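Coordinate analysis (summary)
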Amino acid sequence: MKYLRTAELAKAVGVHPNTVRRYVDRGILPPVERTRSGYRRFTERHLDCLRLAHQVYGQYPGKGIYQSGARIVQVAASGDLGGALELAYRHLALIRSERAQADVAAHLLERWAQGAPADATTQPLQIGQAAQLLGVSIDILRNWDRNGLIDIPRDPSNGYRRYGSQELSRLRVIRMLSRAGYSLSAILRMLIQLDRGDKTNLRRALDTPRPDEDVYQASDRWISTLNDQEQRAHKIIALVEEMIQKQAGSSG
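Residues numbered from 1 in each chain as written. Predicted model: local features only at pLDDT ≥ 70, side-chain atom pairs only at ≥ 80, totals over all residues. Heavy atoms only, no water.

**Some words on the overall build of the protein**
To be explicit about the condition: Strands here are runs of E lasting at least two residues and helices are runs of H or I lasting at least four, both read from the DSSP assignment and numbered beginning at the N terminus. Radius of gyration means the value over C-alpha atoms here, while the globule rule gives 2.2 Å times the residue count to the 0.38 power.
When its secondary structure is counted, the protein shows 11 helices and two strands. If you list the helices and strands of the protein from N to C, you get α-α-β-β-α-α-α-α-α-α-α-α-α. Radius of gyration (C-alpha) of the protein: 24 Å, far over the 18 Å computed for a compact globule of 252 residues. Projected onto its principal axes, the C-alpha positions of the protein cover 85 × 35 × 30 Å.

Written out as structure tokens, the structure reads:
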């Protein structure tokens, strides 16, 4: 059996040696034997598990997808490759489901931007009534207002916010986009374009940060993130299948 040292394993996958050490300490890789002089001795199984982990941990796509991928790595490291393969296919299904939600929300946005109404409320509502109708908290509505996603008119007689059909339609679109995974920064970027009268390529606006915009989250470029995660999911499936074939061949 050919053994690899930490630096060799890291180089083979394109990660830093400290990443390998950290993965060993966290149990992401299977237990490692040491030589009498204390050097770790990695095998091809460790190399395969590191390649798998690199696909999962190479990008943080949000809690749900991250935890799903981490579970695959954990089960594969335990030796249950059949279980890991099943989880890998579920992982792909999860990502496709997230993408479907993102697409549906973007479609609602495009229909609304072209003039299709998204709400039929006839009488203006106060903030508590609007929050109850939309199923969100009053704090969320205030946060969206404060961060520039919407400008709510006020009743001149008492100064209270008045949520009419136009405002509620916009809020429904914002809520659906947010629940589909788009960040508030991405939604604001798109709304700024829309409010300037540009109704074209709104999906691209959701997915393309401005040159002066700081990008901190995968959801700032959610469509691109999901496309990348789907590609990674296919690679994960291929890696696990390869690991199964190797194990079957060595025991045959």
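There's plenty left to go through after this.
**Considerations on the side chain of arginine 175**
Basically, it comes down to this: Relative accessibility under 20% of the residue-type maximum defines a buried residue, over 50% an exposed one, and the middle range a partly exposed one, all with a 1.4 Å probe and only protein chains included. Under this rule, positive means Lys or Arg and negative means Asp or Glu; His and the chain ends count for nothing. By definition here, a salt bridge exists when the distance from a side-chain nitrogen of Lys or Arg to a carboxyl oxygen of Asp or Glu is within 4 Å. Residues are treated as being in contact if the distance between any of their heavy atoms lies within 4.5 Å.
Looking at the element boundaries, arginine 175 is found in helix H8 (residues 165-179). Buried charged residue arginine 175 carries no salt bridge. Nearest counter-charge: aspartate 119, at 7.9 Å. Those residues in contact with arginine 175, other than ones at most four positions away along the chain, are Leu134, Gly135, Val136 and Trp144.

**As for the packing of helix H4 (residues 63-78) against helix H5 (residues 81-113)**
A packed helix pair is summarised by two numbers, namely the angle formed by the two axes and the spacing between the axes. Operational definition: For helices, the fitted axis covers only the stretch in contact; all axes are lines through C-alpha atoms, and the angles between them, taken along N-to-C directions, range from 0 to 180 degrees. For this classification, under 35 degrees means roughly parallel, over 145 means roughly antiparallel, 65 to 115 means roughly perpendicular, and everything else is oblique. Following the grouping adopted for this structure description, the nonpolar residues are Ala, Val, Leu, Ile, Met, Phe, Trp, Tyr, Cys and Pro, the charged ones are Asp, Glu, Lys and Arg, and the polar ones are all others, Gly among them.
Packing of H4 against H5 brings their axes to within 8 Å, and their N-to-C directions diverge by 170°. Our classification of the angle between H4 and H5 gives roughly antiparallel. Contacts between H4 and H5 involve Gly64, Ile65, Ser68, Gly69, Arg71, Ile72, Val75 and Ala76 on the former and, on the latter, Leu81, Gly83, Ala84, Leu87, Ala88, His91, Leu94, Ile95 and Glu98. Of the residues assigned to the contact of H4 with H5, the class counts are 10 nonpolar, five polar and two charged.

**Regarding helix H7 (residues 138-146)**
Given 3.6 residues per turn, any residue in an α-helix points the same way as the ones three and four places further on. Rules: What the arc describes is the spread of directions from the helix axis to the C-beta atoms.
Those residues of H7 not exposed but buried are Leu141, Trp144 and Asp145. In an axial view of H7, the angular spread of the buried residues amounts to 100°, which keeps them on one side of the axis. In H7, the exposed positions angled more than 90 degrees off the buried face are occupied by Asp139 and Arg146. In this structure, the buried residues of H7 make contact with helix H6 (127-134), H8 and helix H9 (184-195). The first or second residue beyond H7 is glycine 148, which carries a positive phi of 90°.

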